[in-house]
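# Commentary on secondary and tertiary structure
Here are the chains, one letter per residue:
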Amino acid sequence: MKNNWTGERLETYIYSKDSIDHLHRYSIVSNYIEGKIVLDIASGEGYGSNIISEKAKFVYGVDIDETSIKDAKLKYKKDNLKFLVGSTSSIPIEDHSVDVVISFETIEHHDEHIEMINEIERVLRPNGLLIISTPDKKNYTDKRNFVNRFHVKELYKQEFLDLISQNFNSIQLLTQKYVNGNSIIQEDILESEIQIFSGNFSSVSSVIIDPFYLIVIASNGLFERQRTTIFDGTDIIQTEFNNRVNEVYRSNSYKLGHLILSPFKSLKKILK
């Protein structure tokens with residue numbers, strides 16, 4: 001599977017900034033899913049659905065890619081976890097049958113946004129909860145002059161809010177930013193309350209780090225508002241570093257260099 005990785009769908013052998021961002025999103029979900037029936041739409045590799053299943057009563061992982069669903073069924077086998085092939089515009093689940101819908105980094109990959117939100121409302125029970133994320137087009141794309149070839153239709157913050165508010169009347173908007181190995185998720189209106197500094201022994205100064213991602217929690221009922229959270233990415237970064245070091249040791253150039261230098265290393269030991 002590693003040879004087929006495109007850099008877009010996150011796999012569990014990938015340790016990077018993206019891993020930290022994705023795991024943080026699934027972390028905040030844990031506050032809302034205990035004992036609930038949950039839909040993870042665009043479940044991809046399936047690791048997120050598996051994480052959710054630790055607390056949820058039952059989890060549906062739905063993805064349009066048949067190979068991903070087939071692999072997920074083989075990798076994650078639990079009585080309270082089921083993977084199904086389906087799209088965001090045609091979810092293979094009955095009306096009003098789930099308590100929580102999760103959709104992370106999905107809506108930007110197609111242009112059927114209204115159809116997707118309507119489908120989510122259809123499968124949700126009355127006063128059910130939606131937790132959905134997407135890149136902020138302003139910070140993710142425009143400011144960096146960056147184009148993600150996998151994205152079909154990105155949204156600006158207000159467009160995202162307007163879309164969700166057509167179906168849900170209670171909304172909390174969160175932002176997510178990455179800071180030196182850590183992910184920070186906080187309410188949008190609190191964005192300016194965390195001041196970030198950087199520098200050295202000569203000088204320090206305040207720096208601005210834009211949040212690349214927007215997260216909306218929405219419902220037609222009441223829900224506990226998400227507070228500021230931080231995901232410590234130390235383990236992910238350390239594993240990424242170890243993997244890179246091991247790649248060097250496994251490389252042909254390192255092996256050749258080691259072979260050439262071995263006699264000199266042995267001689268050095270003798271001379272000591």
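Basis of the calculations
- Residues numbered from 1 in each chain as written.
- Predicted model: local features only at pLDDT ≥ 70, side-chain atom pairs only at ≥ 80, totals over all residues.
- Heavy atoms only, no water.
- Helix = DSSP H or I, 4+ residues; strand = E, 2+ residues; numbered from the N terminus.
- Buried < 20%, exposed > 50% of the residue type's maximum accessible area, 1.4 Å probe, protein only.
- Contact = heavy atoms within 4.5 Å.
- Areas by Shrake-Rupley, 256 points an atom, 1.4 Å probe, with all protein chains shown as cover.
- Phe/Tyr/Trp six-rings, centres within 6.5 Å; stacked < 30°, edge-to-face > 60°.
- Lys NZ or Arg CZ within 6 Å of the ring centre and 35° of its normal.
- Core = buried A, V, L, I, M, F, W, Y, C linked by side-chain atoms within 4.5 Å.
- Arc of directions from axis to C-beta.

### Concerning the overall build of the chain
- Helix and strand content of the chain: eight helices and 11 strands.
- Counting over 272 residues, the chain shows a buried share of 45%.
- Counting only contacts in the chain whose residues sit at least 6 apart along the sequence, the fraction spanning at least 24 positions is 67%.
- Accessible surface for the chain amounts to roughly 15400 Å². Of this, 52% is attributable to carbon and sulfur atoms.

### Structural notes on the packing of aromatic side chains
- Throughout the structure, instances matching the rule amount to seven aromatic pairs.
- Each ring, one from Tyr26 and one from Tyr47, has its centre 5.6 Å from the other, and the planes form 70°; the classification is edge-to-face. Separated by 21 residues along the polypeptide, Tyr26 in helix H1 (residues 17-29) and Tyr47 in helix H2 (residues 47-52) bring together distant segments of the chain. Each member of the pair Tyr26 and Tyr47 is classed as buried.
- Taken together through their ring pairs, the aromatic side chains of Tyr140, Phe146, Phe212 and Tyr213 make up a single cluster.
- Lying over the aromatic face of Tyr213, Arg25 brings its terminal NZ or CZ to 4.4 Å of the ring centre.
- One residue, Arg144, lies across the ring of Tyr140, its end atom 4.8 Å from the ring centre.

### Some words on the environment of Glu11
- In this fold, Glu11 is placed in the segment before H1.
- Considering only alpha carbons, one finds Glu11 and Glu45, 34 residues apart in sequence, at a separation of 6.2 Å.

### Some words on the nonpolar core
- Grouped together as the largest cluster of nonpolar side chains are 27 residues, with contacts concentrated most on Leu39, Val101, Ile132 and Ile164.
- The set of elements that each furnish at least two residues to this core consists of strand E1 (37-41), strand E4 (98-104), helix H4 (113-123), strand E5 (124-135), helix H6 (157-165) and strand E10 (213-219).
- Sequence-distant contacts of Leu39, that is, excluding residues within four places in its chain, are made with Tyr60, Val62, Ile91, Ile93, Val98, Val100, Val101, Ile102 and Val123.
- In terms of nonpolar packing, the next biggest core, distinct from the first, is built from 25 residues, Tyr26, Tyr76, Ile102 and Leu174 among them.

### Overview of H4
- Burial in H4 covers these residues: His113, Met116, Ile117, Glu119, Ile120 and Val123. All buried residues of H4 project into a common sector of 160° when viewed along the axis, lining one side.
- On the buried face of H4, the contacting elements are E1, E4, E5 and H6.

Any functional reading would require information beyond the geometric quantities listed.
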